[in-house]
Amino acid sequence: MGSLFDLLTSGRIMRKKAKLLIDIDLDNGENRKAGDIVYIVIDKGNGKYHAEDNEWACEVDISEIEFIK
């Protein structure tokens, strides 16, 4: 994925809202439900994104989210 500098200069840092289209089980045993709103903050390439909320973060695939305005 590269360094933070590379991410900043390539325009891959973003802050867009998205709705989860599937339930996601997190490594800590918690889960997020389809319909939850998350923030997409990094475009990792190849249809993968770094999603987070106030208390968690995970990688999602483009097929697992729907960007909202």
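For the structure itself, look to the data block above.
A few points on the structure. Because the structure is a prediction, the values reported are computed rather than measured.

Side note on the overall build of the protein
At step 1: Within the protein one finds 1 helix and 7 strands.
At step 2: Element order for the protein, N to C, with α for helix and β for strand: α-β-β-β-β-β-β-β.
At step 3: Sorting the 69 residues of the protein into buried and exposed places 28% on the buried side.
At step 4: When the accessible surface of the protein is summed, it comes to about 4,700 Å², and 47% of that surface belongs to carbon and sulfur atoms.

Describing the side chain of Asp61
At step 1: Checked against the element boundaries, Asp61 lands in strand S6 (residues 57-61).
At step 2: One polar contact links Asp61 to Lys48, side chain to side chain, over a distance of 3.2 Å.

Each value, and the rule that gives it
- Residues numbered from 1 in each chain as written.
- Predicted model: local features only at pLDDT ≥ 70, side-chain atom pairs only at ≥ 80, totals over all residues.
- Heavy atoms only, no water.
- Helix = DSSP H or I, 4+ residues; strand = E, 2+ residues; numbered from the N terminus.
- Buried < 20%, exposed > 50% of the residue type's maximum accessible area, 1.4 Å probe, protein only.
- Areas by Shrake-Rupley, 256 points an atom, 1.4 Å probe, with all protein chains shown as cover.
- Polar contact = N/O pair within 3.5 Å; in protein donor to acceptor, adjacent residues only side chain to side chain.

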